[in-house]
Amino acid sequence: MTAARFLPWLLKHWGPPFTEVEWNAARKSTLPEEPVGLYCHIPFCRQLCSFCPYCKALYEETTANAYITALIQEIDLVAQQY
């Protein structure tokens, strides 16, 4: 499902996104008092294993590089909020 098709579905099933005030209140109420860890899965494999339960795709350099670039941008955007 593309983002353009996903957003209407999301709004229908989950309602409108937070307002800025709601987002800030929710974010402040969920900040941990101690550092936390984060697992970030990179779904590209040179060979797909039948036993692996994770989301995965065959490695393709262009796609993997675009994914990593977008992931770093997302991390930077979220980090700016804290």
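Treat the numbers as computed from the prediction; the structure is a model and nothing was measured.

A.B. asks: Please provide a residue-by-residue account of the overall build of the protein chain, values included.
C.D. replies: The number of helices and strands found in the protein chain is three helices and two strands. The linear arrangement of helices and strands in the protein chain, starting from the amino end, is α-α-β-β-α. Across the 82 residues that make up the protein chain, the buried fraction comes to 6%. As displayed, the protein chain offers around 7600 Å² of accessible surface, 63% of which is attributable to carbon and sulfur atoms.

A.B. asks: Help me get a handle on the state of the cysteines, residues and values and all.
C.D. replies: Under the defined criterion, the tally for this structure stands at zero disulfides. In this model C52 remains outside any disulfide bridge; the closest cysteine sulfur is found in C45, 6.0 Å from its own.

A.B. asks: Requested: an account of a nonpolar patch on the surface, with residues and values cited.
C.D. replies: Where nonpolar side chains cluster on the molecular surface, the patch consists of I42, Y67, I68 and I72 and spans about 300 Å² of accessible area. For Y67, the location among the structural elements is in helix α3 (residues 61-79). Y67 gets classed as partly exposed once you look at its relative accessible area, which sits at 31%.

A.B. asks: Tell me what's going on with the packing of aromatic side chains, and back it up with residues and numbers.
C.D. replies: Two aromatic rings are characterised by how far apart their centres lie and by the angle between their planes. Within the structure shown, the criterion is met by one aromatic pair. The ring of Y59 is capped by R46, whose NZ or CZ atom sits 4.2 Å from the centre of that ring.

Calculation rules
Here the residue numbers are simple positions, counted from 1 along each chain's written sequence. Whole-chain, interface and lining totals are the exception, using all residues; otherwise, since this is a predicted model, local features are given only for residues with pLDDT of at least 70 and side-chain atom pairs are given and counted only at 80 or more. Hydrogens and water molecules were not included; the side-chain quantities draw on all heavy atoms of the structure. Strands here are runs of E lasting at least two residues and helices are runs of H or I lasting at least four, both read from the DSSP assignment and numbered beginning at the N terminus. Partly exposed residues are those whose accessible area sits between 20% and 50% of the maximum for their type, while under 20% is buried and over 50% is exposed, using a 1.4 Å probe and protein chains only. Computed with a 1.4 Å probe, the accessible areas rest on the Shrake-Rupley method; for each residue, only the protein chains presented here act as cover. Disulfides are defined as cysteine sulfur pairs within 2.5 Å. Nonpolar side chains (Val, Leu, Ile, Met, Phe, Trp, Tyr) within 5 Å and like charges within 9 Å form the patches, drawn only from residues with over 30% relative accessible area and no salt bridge. Any carboxyl oxygen of Asp or Glu within 4 Å of a side-chain nitrogen of Lys or Arg constitutes a salt bridge here. Between the rings of Phe, Tyr and Trp (Trp by its six-membered ring), a pair exists once the centres lie within 6.5 Å; its type follows the angle of the planes, with under 30 degrees stacked, over 60 edge-to-face, and the other angles tilted. Any Lys NZ or Arg CZ found within 6 Å of a ring centre and within 35 degrees of that ring's normal is scored as a charge over the ring.

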